[in-house]
Amino acid sequence: MSGIADSSANEPLPSRRSRSLRRPRGGGILIAVTSTLVVFAALGYILVNAPGWARVQESFFDAEIFADAFPEVAQAFLVNVRIFLMAEALILVVALLLAVVRSLPGPVFFPFRLMAVIYIDFFRGVPGLLVIYLLGLGIPALRLPGVTNDVLFWGLVGLVLVWSAYVAEVYRSGIDSIHPSQEAAARSLGLSRFGALRYVVLPQAVRRVIPPLLNDFIGLQKDSALLSLLGIVEAFRRAQIAASAAFDFTPYLITALFFLVLTVPLARLTDWLVDRDRRQRYAQVGAR
Amino acid sequence: MSIAAVAATAPEALRIEGLYKSFGRLEVLKGIDMVVAQHEVVCLIGASGSGKSTLLRCINLLEPVDEGRITVAGQEITRRGADADRIRRGIGIVFQAFNLFPHMSVLRNVTLAPTKVLGRSRRAAEAEATELLERFGLSDKRDEYPDRLSGGQQQRVAIVRALAMRPELLLLDEITSALDPELVAEVLDVIRELAAAGMTMVIATHEMGFARDIADRVCFLDGGVVAEEGPPARIFSDPQEARTRQFLDRIIRAGRL
């Protein structure tokens, strides 16, 4: 990019490489495998030989209850998927608007910036649980004419309000990371402030924040379980029902597995994107 | 040619009157007066911090001025309520650090403003961009991304990007200062070609040899004012002001002239 970046880029910087799961190479593999086996064997041994293991096994790892509850928890998990997919789409838009408003320069836009700051401070500061409770139980209780009483709707609104505040800050950090000279170059060509933002600043900013954005989405996906508090029967609530019917915790395990199946690949994808980003930047600067 | 003679023979491209600009308590420009005729090439020289870059950024309205007037092609651009976006279309600027858009190909860098600002069709803009890139030896870089180009190539792309808006006035802000020495020539050659083609240019530069070569007139900036101006032959061989002599002595001692 600019000449400033060149001086520091001549040698690789191993300390800055990603700390995600990198597979060891060559002779390291044998050591890694052995070490992994030993560690997990030791942990397994401690677990199985714990005094209460028999009871824990019975109430958390019951194969029969697992098989029984699996289909209905799976069915209910689709509710979670629907909730967080809708929430994610809305959050991407709302948060971007918030971040743009917060980044508007000049005294004219002060009241708008102020509102964005208050919004972000408020919804980041209040526990998401409370927001969902207040909206999902409070608004239907008002019995406003023409306003929906659908708890799913209000729960979704709660999730969007809270997570938009976090994601807006992620976007903003991206916008702030684009050097002002980029905007100056765009404006010097006659682009308006909006044009510079749209064609020059935001495309670069969004690309930079994809990893932290996905990270927030992992958090959001788990938060979809909070909507169970409004009586929505999603995976966690379904497991709760199954667990109390069977006097056994195994259905919760199923729910946990479903969340893991979804969030772990997303986490790995995030790592991969971060790695790729670093590699690309290094390759680019190193090419000169 | 004297300043008066230049101003008399060609219409004015740029007039600056009593320009003041401060950043907080730091007064950078303290009353700049300057006239540039159409097709004239004016080089701004002076020590770092003498206000050359700030002056160029003020002419492009990238910095709001505190006091004074700037008139471009007979239009006062510093008047209240002037449409800065519209004015900037006609004034190109090329920066020291290139400032290409790293997420766009060379072609897109060049066509962005013509399509989005002037509303030209993508095809027409691309055809013209391709022609310009060819003219400056960059046709094979059309689809590359800026990071894959050398500094000299990037700076030439930046010049082409500014030219694609067909500016009446081109401002060049120390465009060779970030380049490795062996890449300076290819960029200066582009400027020579533009000067020969009659482009009106105001060039802030540390390349004294180049300034002597190309300028119709040299302005020496010191302490936020134009301390001395005149044809390059006189400024470089027979400076009248003591501070001009001092500055040039330092340059000569540094082996830069």
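What counts as what
Residues numbered from 1 in each chain as written. Chains lettered and ligands numbered in written order. Predicted model: local features only at pLDDT ≥ 70, side-chain atom pairs only at ≥ 80, totals over all residues. Helix = DSSP H or I, 4+ residues; strand = E, 2+ residues; numbered from the N terminus. Buried ≥ 20, exposed ≤ 12 C-beta atoms within 10 Å, placed from the backbone. Contact = placed C-beta atoms within 7 Å. Pairing = 2+ DSSP bridges. Domains from an automatic or database assignment. Nonpolar A, V, L, I, M, F, W, Y, C, P; charged D, E, K, R; others polar. Axes fitted to C-alpha atoms, helices over the stretch in contact; angles between N-to-C directions. pLDDT = per-residue confidence, 0-100.

### Description of the overall build of chain B
The secondary structure content of chain B amounts to ten helices and ten strands. Projecting the C-alpha coordinates of chain B onto the three principal axes gives extents of approximately 55 × 45 × 40 Å. Expressed as a percentage of its 257 residues, the buried residues of chain B come to 46%. Taking contacts inside chain B between residues at least 6 apart in sequence as the whole, the part at least 24 apart equals 66%.

### With respect to the sheet that holds strand S4 (residues 67-72) of chain B
All names here are of chain B. Ordered by their spatial adjacency, four strands build an open sheet running S2-S1-S4-S5, and the pairing between neighbours is antiparallel. Of all the strands in the sheet, the pair left with one neighbour each is strand S2 (26-37) and strand S5 (75-76). The sheet contact formed by S4 and S5 spans two bridges and is antiparallel. Residue pairing in the sheet places Thr71 in a bridge with Glu76 of S5.

### Observations concerning the domain arrangement of chain B
All names here are of chain B. We note that the domain assignment places domain 1 (3-90 + 167-253) and domain 2 (100-166) within chain B. Taken together, the contact between domain 1 and domain 2 spans eleven residues of the former and eleven residues of the latter. Per element, the largest residue contribution to the side of domain 1 that touches domain 2 is four residues, and it comes from helix H7 (residues 181-196). Of the residues belonging to the side of domain 1 that touches domain 2, the class tally is eight nonpolar, no polar and three charged.

### Quick word on the environment of Glu67 of chain B
All names here are of chain B. You can see Glu67 is positioned in strand S4. Judged by C-beta crowding, with 14 C-beta atoms within 10 Å, Glu67 ranks as partly exposed. Through-space distance from the C-alpha of Glu67 to that of Glu17 is 9.1 Å; in sequence the pair is 50 residues apart. With near-sequence residues (within four places) excluded, Glu67 lies in contact with Gly18 and Tyr20.

### A short note on the sheet that holds strand S10 (residues 225-230) of chain B
Sheet strands associate in pairs through backbone hydrogen bonding, adopting either a parallel or an antiparallel arrangement. Residues and elements named next belong to chain B. Read from one edge of the open sheet, six strands run S6-S7-S8-S3-S9-S10, paired in mixed fashion. Looking at the sheet topology across the chains shown, the edges are occupied by strand S6 (91-94) and S10. Neighbouring strand axes in the sheet, compared pairwise and without regard to direction, differ in orientation by 20° on average. Looking at chain direction, strand S3 (residues 41-45) and strand S9 (residues 217-222) are connected through four bridges and run parallel. Bridging from a neighbouring strand, Cys43 pairs with Val218 of S9. Sheet contacts for helix H6 (residues 151-163): S6 and strand S7 (169-173); angle to S6, the most-contacted strand, approximately 170°.

### Quick word on the confidence of the model for chain B
Averaged over all residues, the pLDDT of chain B equals 92, while 96% of them reach at least 70. Quick note on the complex model: pTM equals 0.82, ipTM equals 0.90.

### Regarding the domain arrangement of chain A
Considered domain by domain, chain A is made up of domain 1 (29-60) and domain 2 (63-286). Inter-centroid distance (C-alpha atoms) of domain 1 of chain A to domain 2 of chain A is 35 Å.

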